[in-house]
Amino acid sequence: MNPAFMHEAIRISLEMMRANKGGPFGAVIVRDGKIVGCGWNQVTSTNDPTAHAEVTAIRDACKNLQTFQLTDCELYTSCEPCPMCLAASYWARLRKVYFGNTRQDASAIGFDDEFLYNQIGLPLNERTLILEQCCPVEAKAAFEEWKNKPDKILY
């Protein structure tokens, strides 16, 4: 752990929040002691609810490193990742995540990630977002084709 990288994530969060680019969240991706990607919350400035600091930092690092896996990288983020960003961190295969504020700290200023964490643990029929399966037979055709695709790239 290197506090200088967390300080950079926090600096980005403040700079971009003050510039009205989004909420108070910043993140950097580090590989071999160097920042290879950075991001900040861009939800309101891009009208993209997925443009959280961690996701934008992952996108930047993947672009810069020309890979979709960051197995030898670490994420420094100004706040504990929400469920989406935590999942993105797993998908990116990050080695480790360091965070500043907790999700309880975020909740105290109006960002209630706890609601999402609670929803994920509920059975489908108890969630507030209605999830209903549609056309499973047709959808399976694409999966079957993928399963048999000889030149697929696994991720």
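Our structure's up above, just so we're on the same page.
As a starting point, this report considers the structure included with it.

Rules of the game
- Residues numbered from 1 in each chain as written.
- Predicted model: local features only at pLDDT ≥ 70, side-chain atom pairs only at ≥ 80, totals over all residues.
- Heavy atoms only, no water.
- Helix = DSSP H or I, 4+ residues; strand = E, 2+ residues; numbered from the N terminus.
- Contact = heavy atoms within 4.5 Å.
- Core = buried A, V, L, I, M, F, W, Y, C linked by side-chain atoms within 4.5 Å.
- Buried < 20%, exposed > 50% of the residue type's maximum accessible area, 1.4 Å probe, protein only.
- Patch = residues over 30% accessible without salt bridge, like charges linked within 9 Å, V, L, I, M, F, W, Y side chains within 5 Å.
- Areas by Shrake-Rupley, 256 points an atom, 1.4 Å probe, with all protein chains shown as cover.
- Salt bridge = Lys/Arg side-chain N within 4 Å of Asp/Glu carboxyl O.
- Pairing = 2+ DSSP bridges.
- Axes fitted to C-alpha atoms, helices over the stretch in contact; angles between N-to-C directions.

### Description of the side chain of Ser-89
Then, number 1: Along the chain, Ser-89 falls in helix α4 (residues 83–91).
Then, number 2: Setting aside anything within four residues of it in sequence, one finds Ser-89 in contact with Ile-58, Leu-75, Leu-94 and Val-97.

### Some details on the nonpolar core
Then, number 1: Counting 20 residues, the largest nonpolar core has Ile-29, Ile-58, Leu-70, Cys-73 and Leu-94 as its most contacted members.
Then, number 2: Elements with a minimum of two residues in this core: β1 (26–31), α3 (53–65), β3 (73–79) and α4.
Then, number 3: Looking at this core element by element, the count peaks at six residues for α3.
Then, number 4: Sequence-distant contacts of Leu-70, defined by excluding residues within four places in its chain, comprise Ile-29, Ile-58, Ala-61, Cys-62, Leu-65, Ala-92, Arg-93, Leu-94 and Arg-95.
Then, number 5: Listed in part, the eight residues of the second largest apolar core include Met-6, Ile-12, Tyr-76 and Tyr-98.

### Observations regarding a nonpolar patch on the surface
Then, number 1: Side chains of Phe-68, Trp-91, Trp-146, Ile-153, Leu-154 and Tyr-155 sit close together on the surface and give an oily, nonpolar patch of about 750 Å² of accessible area.
Then, number 2: Within the element layout of this structure, Trp-91 appears in helix α4.

### Things to note about the sheet that holds β1
Then, number 1: Overall, mixed pairing links the four strands, which are arranged β2-β1-β3-β4 in an open sheet. Looking along the sheet, the strands with just one partner apiece sit at the ends: β2 (34–40) and β4 (96–101). The mean angle between the axes of side-by-side strands here comes to 15°, regardless of whether they run parallel or antiparallel.
Then, number 2: Its contacts with the sheet place α3 against β1, β2 and β3, and it is angled at close to 140° to β2.

### Focus on the pairing of β1
Then, number 1: Among the six residues of β1, five are classified as buried, and the element is accordingly described as predominantly covered.
Then, number 2: As judged from the six bridges shared by β1 and β2, these two strands associate in the antiparallel manner. Pairing of Ala-27 across the sheet is with Gly-39, part of β2.
Then, number 3: Once β1 ends, the chain turns through two residues before running back antiparallel as β2, passing Asp-32 with a positive phi of about 50°.
Then, number 4: Relative to β3, β1 runs antiparallel, the two sharing five bridges. In the strand pairing of β3, Val-30 is matched with Glu-74.

Keep in mind these numbers describe shape, not what the thing actually does.
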